[in-house]
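Each chain, letter by letter, is given below.
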Amino acid sequence: MVNHVLLRKGGKLLLLVQYPDRYYLVTVDRKLTQEAEARLLSGSCSPQTIQELGLTCQTITRQEFKGVCCPGGSAGDPLTLYINTETLKYQLDDDFAGQDISQMFPDIPRVQPPSGTGGHGAKDWRISRQTESGRKTARIADLALNVVSIGCSAVAAITTINHGLSLLGLVACLGAVIVNLAVYLCFPQYFSILSSKEFKRVGYTAPVEHLDLGVFVPATILFFCGFRSLTVLSWGKLLLMGVVPGAVLLVILRKLSRELRENQTSLLAFGLVMLLFSCGLLLQFNHLVNPALDQTQQVTISETEKNRRRGGTFCDCTVVLENGEEVELSISKALYNRIKPGDTVEVYVGEGALGIRYGFVVGD
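Residues numbered from 1 in each chain as written. Predicted model: local features only at pLDDT ≥ 70, side-chain atom pairs only at ≥ 80, totals over all residues. Heavy atoms only, no water.

**Notes on the overall build of the protein chain**
Operational definition: Numbered from the N terminus, helices here are DSSP runs of H or I no shorter than four residues, and strands are runs of E no shorter than two. The rule is simple: take the accessible area with a 1.4 Å probe, protein chains only, and divide by the maximum for that residue type; under 20% is buried, over 50% is exposed, in between is partly exposed. Any two residues whose heavy atoms approach within 4.5 Å are treated as being in contact. Areas reported here follow the Shrake-Rupley algorithm with a probe of radius 1.4 Å; residue values treat only the protein chains shown as occluding.
A tally of helices and strands in the protein chain yields eleven helices and 15 strands. Counting every position in the protein chain, which comprises 364 residues, the buried fraction comes to 45%. In the protein chain, the share of contacts with a sequence separation of at least 24, taken over all contacts with a separation of at least 6, comes to 60%. Summing over all exposed atoms, the protein chain offers an accessible surface of approximately 18,400 Å²; the carbon and sulfur share of this is 56%.

**Some points on the environment of Val362**
Considering the arrangement of structural elements, one finds Val362 in the segment after β15 (357-361). It is 5.3 Å that separates the C-alpha atoms of Val362 and Val347, two residues lying 15 residues apart in sequence. With near-sequence residues (within four places) excluded, Val362 lies in contact with Thr296, Glu346, Val347 and Tyr348.

**Notes on the sheet that holds strand β4 (residues 56-61)**
Where we set the bar: Two strands qualify as a pair provided DSSP detects at least 2 bridges between them. Think of each axis as a best-fit line through the C-alpha atoms, taken over the contacting stretch in the case of a helix, with angles from 0 to 180 degrees between the N-to-C directions.
Ordered in space as β4-β3-β2-β1-β7-β6-β5, the seven strands form an open sheet in which the pairing is antiparallel. Two strands in the sheet have a free side with no partner beyond their single neighbour: β4 and β5 (65-69). Averaged over all pairs of adjacent strands, the angle between strand axes in this sheet comes to 30°, irrespective of strand direction. As defined by bridge partners, strand β2 (residues 12-18) adjoins strand β3 (residues 22-28) across six bridges and the pair is classed as antiparallel. What sits directly across from Val17, in β3, is Tyr24.

**A few points about the packing of aromatic side chains**
Note the following rule: Stacked, edge-to-face and tilted labels apply to pairs of Phe, Tyr and Trp rings (six-membered ring for Trp) whose centres lie within 6.5 Å, assigned for plane angles under 30 degrees, over 60, and everything in between, in that order.
Counted according to the given criterion, the structure contains seven aromatic pairs. For the ring pair Tyr348 and Tyr358, a centre distance of 5.6 Å and an interplane angle of 50° mean the geometry is tilted. Here Tyr348 is found in strand β14 (residues 344-351), whereas its partner Tyr358 is found in strand β15, with ten residues between them in sequence. An identical accessibility class is assigned to Tyr348 and Tyr358; each is buried. Taking 6.2 Å as the distance between ring centres and 15° as the angle between the ring planes, the aromatic pair formed by Tyr358 and Phe360 counts as stacked. The same class applies to Tyr358 as to Phe360, namely buried. Three or more aromatic residues joined by ring pairs form one cluster here, namely Phe223, Phe224, Phe227 and Trp235.

**Points about the side chain of Thr231**
So the rule is basically this: Here a polar contact is taken to be a pair of N or O atoms separated by no more than 3.5 Å, where protein atoms must pair a possible hydrogen donor with a possible acceptor and residues adjacent in sequence count only if both atoms sit in side chains.
Mapped onto the elements of the fold, Thr231 is located in strand β10 (residues 231-232). Within the local environment of Thr231, its side chain forms a polar contact with the backbone nitrogen of Ser330, the two atoms lying 2.8 Å apart. Ignoring any residue separated from it by four or fewer positions in sequence, one finds Thr231 in contact with Glu328, Leu329, Ser330, Tyr358 and Gly359.

**Section: the nonpolar core**
What counts here: For this analysis, a nonpolar core means a set of buried residues of the types Ala, Val, Leu, Ile, Met, Phe, Trp, Tyr and Cys, connected via side-chain atoms within 4.5 Å.
Core analysis: the biggest nonpolar cluster contains 34 residues, and Val5, Leu7, Leu15, Leu16, Leu25, Leu40 and Leu81 have the highest contact counts within it. Those elements that place two or more of their residues in this core are β1 (4-9), β2, β3, α1 (34-40), β5, β6 (78-83) and β7 (86-92). Looking at this core element by element, the count peaks at five residues for β3. For Leu25, the contacting residues outside a window of four places in its chain are Leu7, Leu14, Leu15, Leu16, Thr56, Cys57, Gln58, Ile60, Leu88 and Tyr90. Among the nonpolar cores identified, the runner-up in size contains 25 residues, and Tyr184, Phe191, Val273 and Phe277 belong to it.

**Thoughts on the pattern of salt bridges**
To keep things clear, this is the line we draw: Each salt bridge in this description consists of a side-chain nitrogen of Lys or Arg and a carboxyl oxygen of Asp or Glu lying within 4 Å of one another.
Counted by the stated rule, this structure contains three salt bridges. Across the pair Glu325 and Arg357 runs a salt bridge, and its minimum N-O distance is 3.0 Å. Taken together, the positions of Glu325 in the loop between β12 (312-320) and β13 (326-331) and Arg357 in strand β15 put the pair 32 residues apart, joining distant regions of the chain. Overall, Glu325 belongs to the partly exposed group, its relative accessible area being 28%. Note that Asp343 is salt-bridged to Lys340, the shortest N-O span being 3.4 Å. Lys340 sits in the exposed class, given a relative accessible area of 52%.

**A short note on the packing of helix α5 (residues 167-186) against helix α7 (residues 212-229)**
Quick reminder of the rule: For classification purposes, angles smaller than 35 degrees are called roughly parallel, those larger than 145 roughly antiparallel, those between 65 and 115 roughly perpendicular, and all remaining angles oblique. Left-handed describes a crossing whose near helix is turned anticlockwise from the far helix through less than a right angle; right-handed describes the clockwise counterpart. Side-chain classes follow a simple rule in which Ala, Val, Leu, Ile, Met, Phe, Trp, Tyr, Cys and Pro form the nonpolar group, Asp, Glu, Lys and Arg form the charged group, and the remainder, Gly included, forms the polar group.
Put simply, α5 and α7 touch, their axes get as near as 9 Å, and they point 155° apart. With respect to α7, the axis of α5 lies roughly antiparallel. Where α5 crosses over α7, the handedness of that crossing is left-handed. Facing α5, whose interface residues are Leu170, Cys173, Ala176, Val177, Asn180 and Leu181, α7 presents Gly214, Val215, Pro218, Ala219, Ile221 and Leu222. For the contact of α5 with α7, the residue count by class is ten nonpolar, two polar and no charged.

**Some words on the sheet that holds β10**
The strands that make up a sheet pair up through hydrogen bonds in the backbone, lying either parallel or antiparallel. Spatially, six strands are ordered β10-β15-β14-β11-β12-β13 in an open sheet, and the strand pairing comes out antiparallel. Looking at strand neighbours, the two that pair on one side only are β10 and β13, the edges of this open sheet.

Everything listed here is a matter of coordinates, which is why it stays silent on function.
The following block contains the structure:
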């Protein structure tokens, strides 16, 4: 008699039977005679035999059977079968309550239930197999993506330092992030955001490459380039506008990515980076497509200040606008060394294309 287990799904009974080179998932829609049951559980059973008995079955090869997840052994416990990219959920029949499924089918890969779900959260798992050629390609792709992403970030940083913010730097960083996220979502069996340790803990095939540099570097460069060049004067509006698209993007990516669903560390880190990315993108876009950039004014510096902090030296100057309003603007160290209170500088202070109020010293 071959290894078998009886499953239930709603009012339907199914018999999972293991044969030497394949498995049959037989739908049992009527009471079987002893002779029919003996034929089903004999080692020589075939699809033709099942058809002769008036039953239907699904034939599953060993290569197609990716894994089984059965957290308990009681009647009614969930049993999840992973067949290629298909996820099938059943309950153990009363006759098999308390039996160790892993002993009955030792050749099927074991899959552990996700953490924090009590064994009921594996509804859309996809067990993906890696190949040696796939791993080599993933390593090459990871190296290429890192080089391209760091190169795009360098372009954005250099153009910002030498010529100020530009659409070239914005597009370079945005493109690098989009390409890395697309690769990450299309090939989850080879790429992760942070670490593969959590994958191993919950039973996934561990990815071999991490796209942290490819996503985080251009996202943070986009943020810091914007805040190096511009002084935000309406932080509440920027954060509100940044949180909404950042949260929407994170929800979409969490829905598409099993790592972000199961790994809280990755989700937290990725959420922070998406917030920086969203705020930096909005701030730069708000400035670069601002139709009123030529509406500058000559103002007098009333005060300069230099602060030394753990992150470096930060310089500011306070100016009095034409309407009498005092505004504090961030400036570079080089400009700080050239100016003093009482000097006149050209500044822009206003709302950009998105209505976010900001300012900067022209030529700094």
